[in-house]
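Examination of the molecular architecture
Here is what each chain is made of, one letter per residue.
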Amino acid sequence: MTLLERFRAQPRQKHADPAVRLGFVQEIPMSERELLVEIAREDADPRIRRAAVAKLLDPPALGAIASSDADASVREQAAAMLRDIALEAFEGIGEPESLAAVDALTDAKSLATIAKSAASQTVADRARARVDDPHALGSIARHAEHESVRRAAFASLDDEREILSVALNSEFRDPALAAVDAITDRAELEQIASRARNKHVAKRARTIVREFEEREARDREAAEEAAKAAADAERAARLESARSEAEAREEAERHAAEATRSAAAEAAAAADTERARQQAERDRERLEAEQRDAARHHARQKELADDATRVAAMEDMRAAVRQFSVIRREWSSLAGQAAPEPETLAQYGQADAAFVAREHVARESEQQARREALTRLQQLVARVEPLAAREDLTLKNGERALRDVRAALGAMPSLPSKQDHDEVLGKLKAALSALTPKVQELREVAGWQRWANVGIQEQLVEKMEALKTLDDPEQVARQVKELQQQWRQAADVPRAQGEALWRRFKAAHDEVWTKCEAHFAAQAEVRADNLTRKLALCERVEGLADSTNWIQTAEEIKKLQAEWKTIGAVSRGQEKAIWERFRTACDRFFTRRHTDLAERKTVWSANLTKKEALITQVQALADSTDWDKTAAEIKRIQSEWKTIGPVKKSRSEALWQRFRAACDQFFTRYAQRHEIARGERVAARESIVAELEALTADVPAPAEGEATGSEAASAAQTHPPQAAEEAPADLAAKVRSIRGRWQQELAARGVDRGPAAALDERFAAAFARVIARWPQIFTGTDLDPESNRRRMETIVKRMEELAGSVAGSGDMADAAASPSRLAAMLKEALAANTIGGKADHESKLRAATDEVRQAQANWSRIGPVPDDVRRALADRFQRAIRRIADKAGDAGRGGRVPVGAGGPSARARN
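Residues numbered from 1 in each chain as written. Predicted model: local features only at pLDDT ≥ 70, side-chain atom pairs only at ≥ 80, totals over all residues. Heavy atoms only, no water.

1. Some details on the overall build of the protein
- A count of helical and extended segments in the protein gives 35 helices and zero strands.
- Split into buried and exposed, the 910 residues of the protein put 33% on the buried side.
- Long-range pairs, those at least 24 residues apart, make up 70% of the contacts in the protein with a sequence separation of at least 6.
- Looking at the protein as shown, the accessible area adds up to about 53,700 Å², and 52% of this sits on carbon and sulfur atoms. (Helix = DSSP H or I, 4+ residues; strand = E, 2+ residues; numbered from the N terminus. Buried < 20%, exposed > 50% of the residue type's maximum accessible area, 1.4 Å probe, protein only. Contact = heavy atoms within 4.5 Å. Areas by Shrake-Rupley, 256 points an atom, 1.4 Å probe, with all protein chains shown as cover.)

2. Points about helix 11 (residues 134-143)
- Taking burial as the measure, the ten residues of helix 11 include seven buried ones, the bulk of the element.
- Considered for burial, the residues of helix 11 that qualify are Ala-136, Leu-137, Gly-138, Ser-139, Ile-140, Ala-141 and Arg-142.
- For helix 11, the elements touching its buried residues are helix 9 (108-117), helix 10 (121-129), helix 12 (147-155), helix 13 (160-169) and helix 14 (173-182).
- Capping the start of helix 11, Asp-133 holds a side-chain oxygen 3.3 Å from the backbone nitrogen of His-135, two or three residues further along. (Polar contact = N/O pair within 3.5 Å; in protein donor to acceptor, adjacent residues only side chain to side chain.)

3. What about the environment of Leu-99?
- Examined against the element boundaries, Leu-99 turns out to sit in helix 8 (residues 95-104).
- By relative accessible area, Leu-99 is classed as buried at 13%.
- Separated by 40 residues in the primary sequence, Leu-99 and Pro-59 place their C-alpha atoms 8.9 Å from one another.
- Excluding residues that lie within four positions of it along the chain, Leu-99 makes contacts with Thr-122, Val-123 and Arg-126.

4. Quick look at the environment of Ser-571
- Relative to the assigned elements, Ser-571 resides in the loop between helix 23 (550-566) and helix 24 (575-621).
- Distance from Ser-571 to Thr-532, taken between C-alpha atoms, is 10.0 Å for residues 39 residues apart in sequence.
- Excluding residues within four positions of it along the chain, Ser-571 makes contact with Ala-524, Arg-527, Ala-528 and Leu-531.

5. Topic: the side chain of Lys-534
- Positionally, Lys-534 belongs in helix 22 (residues 495-544).
- Among buried Asp, Glu, Lys and Arg side chains, Lys-534 stands out as unpaired, with Glu-575 the closest opposite charge at 9.1 Å.
- Apart from the residues lying within four places of it in its own chain, the contact partners of Lys-534 are Trp-564, Ile-567, Gly-568, Val-570 and Ile-578. (Lys, Arg positive; Asp, Glu negative; His and termini not counted. Salt bridge = Lys/Arg side-chain N within 4 Å of Asp/Glu carboxyl O.)

6. A look at the nonpolar core
- In terms of nonpolar packing, the biggest core is built from 67 residues, with Val-53, Leu-62, Ile-114, Ile-140, Val-180 and Ile-192 touching the most fellow members.
- A per-element tally of this core places helix 7 (residues 72-86) first, with six residues.
- Residues within four places of Leu-62 in sequence aside, it is in contact with Val-53, Leu-56, Ala-78, Met-81, Leu-82 and Ile-85.
- Counting 20 residues, the second-largest nonpolar core is a separate cluster that includes Val-806, Ala-855, Trp-859 and Phe-877. (Core = buried A, V, L, I, M, F, W, Y, C linked by side-chain atoms within 4.5 Å.)

7. Some points on the pattern of salt bridges
- Counted by the stated rule, this structure contains 34 salt bridges.
- Notably, a salt bridge pairs Glu-366 with Arg-370, separated by 3.1 Å at the nearest N-O pair. Linking Glu-366 with Arg-370, this pair stays in helix 18 (residues 342-384), spanning four residues, or about one helical turn.
- Residue Glu-366 is classed as partly exposed on the basis of its relative accessible area of 41%.
- Classification of Arg-370 by relative accessible area gives partly exposed; the value is 22%.
- Residue Arg-383 pairs with Asp-404 through a salt bridge whose shortest N-O separation is 2.9 Å. Placement of Arg-383 in helix 18 and of Asp-404 in helix 19 (residues 395-410) is noted, with a sequence separation of 21 residues between them.
- By relative accessible area, which is 35% here, Arg-383 ends up partly exposed.

8. Details of the packing of aromatic side chains
- Inspection of the entire model under this criterion finds 19 aromatic pairs.
- Between Trp-487 and Phe-505, the aromatic rings sit 4.3 Å apart at their centres with planes inclined by 20 degrees, giving stacked as the arrangement. With a gap of 18 residues between them, Trp-487 in helix 21 (residues 473-489) and Phe-505 in helix 22 connect regions that are remote in the sequence. Each member of the pair, Trp-487 as well as Phe-505, is classed as buried.
- With centroids separated by 5.2 Å and ring planes inclined at 75 degrees, the aromatic side chains of Phe-589 and Phe-590 adopt a geometry described as edge-to-face.
- On the basis of relative accessibility, which here comes to 24%, the residue Phe-590 falls in the partly exposed class.
- By way of ring pairs, the aromatic residues Trp-627, Phe-666, Phe-667 and Tyr-670 are connected into one cluster. (Phe/Tyr/Trp six-rings, centres within 6.5 Å; stacked < 30°, edge-to-face > 60°.)

9. Considering a positive patch on the surface
- Judged by side-chain charge, Arg-173, Lys-199, Lys-203, Arg-206 and Arg-210 come together as a positively charged surface patch.
- Of the residues forming the positive patch, the biggest block, four residues, is contributed by helix 16 (residues 199-312).
- Counting through the fold element by element, Arg-210 comes out in helix 16. (Patch = residues over 30% accessible without salt bridge, like charges linked within 9 Å, V, L, I, M, F, W, Y side chains within 5 Å. Charge placed at Lys NZ, Arg CZ, Asp CG, Glu CD.)

10. A closer look at the state of the cysteines
- Considering all chains together, one arrives at zero disulfides under this definition.
- For the unlinked cysteine Cys-538, the closest cysteine sulfur is that of Cys-586, found at 8.2 Å.
- For Cys-538, a relative accessible area of 0% corresponds to the buried category. (Disulfide = S-S within 2.5 Å.)

11. Regarding the packing of helix 7 against helix 8
- For the pair helix 7 and helix 8, the least separation of the axes is 8 Å and the interaxial angle reads 140 degrees. Seen from above, helix 7 lies across helix 8 with left-handed handedness. Contact with helix 7, carried on its side by Leu-82, Ile-85 and Ala-86, involves Glu-97, Ser-98, Ala-101, Val-102 and Ala-104 of helix 8 and no other residues of that element.
- Grouping the constituent residues of the contact of helix 7 with helix 8 by class yields six nonpolar, one polar and one charged. (Axes fitted to C-alpha atoms, helices over the stretch in contact; angles between N-to-C directions. Left-handed = near helix turned anticlockwise from the far one by under 90°. Nonpolar A, V, L, I, M, F, W, Y, C, P; charged D, E, K, R; others polar.)

12. What to know about the packing of helix 17 (residues 317-337) against helix 18
- Interaxial distance between helix 17 and helix 18 falls to 12 Å at its minimum, and their mutual angle equals 145 degrees. Once helix 17 is placed against helix 18, the crossing between them reads as left-handed. Two secondary-structure elements touch here, helix 17 through Met-317, Ala-320, Val-321, Phe-324, Ile-327, Arg-328 and Trp-331 and helix 18 through Thr-344, Leu-345, Tyr-348, Ala-351, Asp-352, Phe-355, Val-356, Arg-358, Glu-359 and Ala-362.
- Grouping the constituent residues of the contact of helix 17 with helix 18 by class yields twelve nonpolar, one polar and four charged.

13. So, the confidence of the model for the protein
- Averaged over the protein, the pLDDT score is 78; the fraction of residues at 70 or greater is 86%.
- In the model, residues 712-724 has pLDDT below 50 throughout and makes 14 contacts with residues more than four positions away in sequence or in other chains.
- Of the regions scoring below 50 in pLDDT, residues 894-910 engages in 51 contacts with residues more than four places distant in sequence or in other chains. (pLDDT = per-residue confidence, 0-100.)

14. Describing the environment of Phe-172
- Within the secondary structure, Phe-172 sits in the loop between helix 13 and helix 14.
- Along the sequence, Phe-172 and His-143 sit 29 residues apart, while their C-alpha atoms lie 7.6 Å from each other.

15. Comments concerning the side chain of Arg-128
- As for its placement among the helices and strands, Arg-128 is situated in helix 10.
- You can call Arg-128 buried: its relative accessible area is 14%.
- Sequence-distant contacts of Arg-128, that is, excluding residues within four places in its chain, are made with Ala-115, Leu-137, Ile-140, Val-149, Ala-152, Ala-153 and Ser-156.

Encoded structure:
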């Protein structure tokens, strides 16, 4: 039964146990694409479809599911798989599948991620071409791995903010510089110059800003110079006008003076003219003579310059040196008599420089040749000196060394120094003296060895002739090769015996070898067939060497390698070549696979590090109570998680579960934040009550039916203990601090009524026990219940008196509307020498209102009082201030001053 038939055979279990079908899908191998496609498209359970999509590597099918599946999680899983395929996150995924995945994707964010992170430039460029969102294009231009993709993304940008962002934030030089060149706003350029991440970009922006500043400075200088020139021209015009007037006056005066002197000067001028003519004639003759001499010198200098140019290019360096020395001496003599013409001087200078360079090169070359000769001779000495002392010296090596030493002594080259020459010469002569007798001895030994080899060759001839009786071609061929090898080792024999023995050996060999030819022919056919089969394997491996379907191709190549081992030997001379061809093709594929895997492991490792860091961040935030800020931060981290590429498949699910568990931990607490807050507030009150109860922990709790809470406090005040024990240090301050914190917790609402009432009762009981145990500590303080009761009674009595007073005055005001009643009141007021009326009534209400506010403030500051006493006094206090408030309200409705009513709450203030 096939996998598909097994899967379809489970419809009865579909509703009873979906986990069985889900587990079956998880066991399906990824190679079963058709089965996975059918399950992903047709199964009714979204979880099963999602599990099938998670193992599906078919881009067209994933694209259809991502766009048409009814379940959002299935669509998201399909889009995630398309993104991972495009990024080649799975083994066996090549460029065609990646391109198909890019074409199937529609999410701009995923396409931008692929364009930035894809290892293949073609895939990245295809993804970039499908992105048209300016922000995504800007991100690609800033972060894409491939330069061409960054350039293309930037070329598609037309949003000024994104161009500025590329210039500021891109770490790559090419798009950032292009963005800087596209920006013309000076403020933006200054921002780039100070904040750009790439130092070359910041430098370029500073250069452009500096050019702006220099251009503005030049414009300012030009304007200032124009203004200055205009002012100078105006001032010059005024000066010129004044100068012209002065010159006109001076000219008139000069004409008058010159007229008187002209006559006397004419006679003197005639004499001077004659003397000047004679002197000019003498100067002309001298100048002509100097010019003739200079022309002759210049002509000779030109000839010398031409000769110098010719000599500098001569091949014979020795002759060139001699001739150039003569030219230099004559040139120096002529240069002292007449300065050369510039062209001639330049020509001679070039020739002299070229000759000096040639001299330097020649000297260096000669020195190099001497050093090389010294090195060769030293190497020869180092090679031949140990030979004379070697016991295993062969005749061939000895004769060659002796020949090299004699050749070196016969043609000793020039060496860098005489000391080097003498040292090398002495070593060569010593080596010659040591080698000569050694080589002579080896020659004698070789002569005797040749005579011994004659006997060996005779034995080899007899063995070769004996092979004629053997019938096994393999054995014959093997022994023939052994005899040939032994013959080569004993080949040195006297010529006369050697020729005859070789003919006998050759004849026997040819006769024996004839028997092997048929066997070798059949063997050659088998080897040729093996060669053909191995060539076919080579072609198949070479066809697979450039594949990117790593898993399937690796298995196929391993099968071909196993088949190669079953094929026998090939034609002689082809073994190494055919094996190298097969191994090279295999190595090319496995090297590419190893490199690709290493690159992907690097990417997976980097992504793993990033995701581990995000998990650590979320785990650190999971127990936070700063709800809104933490929720926003975790959502940001979740968004960043989606931008990180894949990790190793075996670790992906575990990482995701850790990340998801940390997020769920916080958001579960976030959904229960109000219950948690109430619990924390209850816990805070519990802590305060427990701290207060600890002060009287050794006092037994009241038995059933005994007084608790306020009743206990009243009883303690009514019947104090007979003998007060010693109180702990700072008891009053500690109790006051506990009560203050309790009041703060009461102000913070949010505790359910039942727990709040129970905690109030416990606090009152504990407080009463403390007061009852150490009454002398709290007597007369703000924590003394009896003192606080007296303060309350005083305030209540005062408010009742004030209410009675206000009510009496109110009767007079109310009677103002009746004329007879008003007359009687006026008569009574006059009799008492007082004035009653509306103004006096309003002032009393205002004063009463102020006193009520003061009483309410004092009431709120009174410390603990037993509940029954406090409730009775609070009721009286409320009734009194309510009567005052009612009167104030009536006066307010009549246009008089209103009175605000209020009083202490009914809540216990213990």
